[in-house]
Amino acid sequence: MVSLQGNHEPNDPKYRYTVPPIRKNITHLNTSPESILGLLQDNIDFSIFYNLVIKAELYGRLNDIQANFTMFVPSNEYLLMTYSPQFFENMDLYTAREIVLFHTLNKKVSYEMLSSSQAMYLHTMIDDSMYSRLMCNWCQSSGVRLHRNTSIKIPNIYRKNGLIHVVDNIMIPSTLMN
């Protein structure tokens, strides 16, 4: 299990979020435990973001062992500090898909790579437009900052099909802000 390094114990009931059924009576997917999707499904600290992946119908991509992704995943603890559970429950497929794809890069990018430059744009999996770029800044005092106000809290959780960086906020693409 992934611990949030002293903020709380893994699987703390205070941050528990019940994932609604995926389709009719299906509540659990057959995932590879070594995949990004396997980690999201098996760790309740990520159940809100896992629910967004399910709503977005992107579970096949994130379970593909031959893929090579980087995903910025906010934990329930950070999400519930800012948003109510209803914010995520009422989200439609399009919004969930845009958010999950905005948190995903189509290649492995380690924390060391992110911190090797003062600033860079990262192309997310939404599309190739300028609206899908994610700004990444390096700051001596706060480390890597993404999309203005999101920090990496736990870097480099390696999976067979990519790696995960735990972040402290959800990143909303500008296409959804209009």
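Before any of the text, the structure's been laid out above.
Colleague: Would you mind showing me how to read the overall build of the protein here?
Modeller: When its secondary structure is counted, the protein shows seven helices and seven strands. Along the chain direction, N to C, the helices and strands of the protein fall in the order α-α-α-β-α-α-α-β-α-β-β-β-β-β. Working note: accessible area of the protein is about 8900 Å², and carbon and sulfur atoms make up 49% of it.

Colleague: Is there a simple way to explain unusual backbone geometry in this structure?
Modeller: It is generally the case that most residues other than glycine have a negative phi and that most peptide bonds are trans. For Glu-57, which is not a glycine, the phi torsion comes out positive at approximately 55°. Following the sequence through the fold, Glu-57 ends up in the loop between α2 (47-55) and α3 (59-63). At Asn-156, a position not held by glycine, the phi torsion is positive, near 55°. Among the structural elements, Asn-156 can be located in strand β6 (residues 150-159).

Colleague: Which parts of the structure should I look at to understand the nonpolar core?
Modeller: Inside soluble globular proteins, nonpolar side chains tend to come together where they are buried. Core analysis: the largest hydrophobic core is formed by 47 residues, its most contacted members being Leu-40, Leu-52, Phe-72 and Leu-146. Broken down by element, the residue count for this core peaks at six residues, all from α2. Not counting residues up to four positions away in its chain, the partners in contact with Leu-146 are Phe-72, Leu-122, Leu-134, Met-135, Cys-136, Ile-152, Val-167 and Met-171.

Colleague: Honestly, the sheet that holds strand β7 (residues 162-167) in this entry has me stumped. Any pointers?
Modeller: The pairing of strands in a sheet happens through backbone hydrogen bonds and is either parallel or antiparallel. Reading across from one edge, β2-β1-β7-β6-β5-β4-β3 is the order of the seven strands in this open sheet, with mixed pairing throughout. Sheet topology places β2 (104-105) and β3 (119-123) at the edges, where each strand pairs with a single neighbour. In this structure, strand β5 (residues 143-146) lies alongside β6, joined through two bridges in antiparallel fashion. Of the residues in β6, the one forming a bridge with Arg-145 is Ser-151.

Analysis parameters
- Residues numbered from 1 in each chain as written.
- Predicted model: local features only at pLDDT ≥ 70, side-chain atom pairs only at ≥ 80, totals over all residues.
- Heavy atoms only, no water.
- Helix = DSSP H or I, 4+ residues; strand = E, 2+ residues; numbered from the N terminus.
- Areas by Shrake-Rupley, 256 points an atom, 1.4 Å probe, with all protein chains shown as cover.
- Core = buried A, V, L, I, M, F, W, Y, C linked by side-chain atoms within 4.5 Å.
- Buried < 20%, exposed > 50% of the residue type's maximum accessible area, 1.4 Å probe, protein only.
- Contact = heavy atoms within 4.5 Å.
- Pairing = 2+ DSSP bridges.

Just distances and angles here, no functional claims.
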